[in-house]
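Architecture at a glance
This is what each chain is made of:
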Amino acid sequence: NIIDVQTLKDVLVAQAQPTGNVVIDFLNTSVRPVVTYVLLSLYVYVKYATLVTLFKEGAGSMTIATALYTPDDQALFWGIINFWFLDRVIKSQRK
């Protein structure tokens, strides 16, 4: 869907334009980072709580490792790696 991708690109470019209102521009540029930090903090808290709980229960190191690094964590990790590195390779090959 090339049209959908172009529409998304146009929307993102339009959102990045300053409005001239300092408050609105600040909120526009800070929402995504704040949401990212909140979600990352929640993720770290859940992993830490899991670690502490399993450690207190006397779980073995393999049990703890398996509980902390699940297939969902692997997908998240590799998705981030792909976003930061593979995306740049693909963009450089288009030029």
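Reading the values: rules and limits
- Residues numbered from 1 in each chain as written.
- Predicted model: local features only at pLDDT ≥ 70, side-chain atom pairs only at ≥ 80, totals over all residues.
- Heavy atoms only, no water.
- Helix = DSSP H or I, 4+ residues; strand = E, 2+ residues; numbered from the N terminus.
- Areas by Shrake-Rupley, 256 points an atom, 1.4 Å probe, with all protein chains shown as cover.
- Phe/Tyr/Trp six-rings, centres within 6.5 Å; stacked < 30°, edge-to-face > 60°.

Thoughts on the overall build of the protein
Helix and strand content of the protein: 4 helices and 0 strands. Across the protein, helices and strands are ordered from the amino to the carboxyl terminus as α-α-α-α. When its C-alpha atoms are laid out on the principal axes, the protein stretches across 55 × 40 × 20 Å. Accessible surface, the protein as shown: approximately 8500 Å² in total, 70% of it carbon and sulfur.

Concerning the packing of aromatic side chains
Evaluated as defined, the whole model comprises 2 aromatic pairs. When the ring of Phe77 is compared with that of Trp78, the centres are 5.0 Å apart and the planes differ by 80°; the resulting orientation is edge-to-face. Where Phe83 meets Trp84, the ring centres are 5.0 Å apart and the plane angle is 85°; that geometry is what we call edge-to-face.

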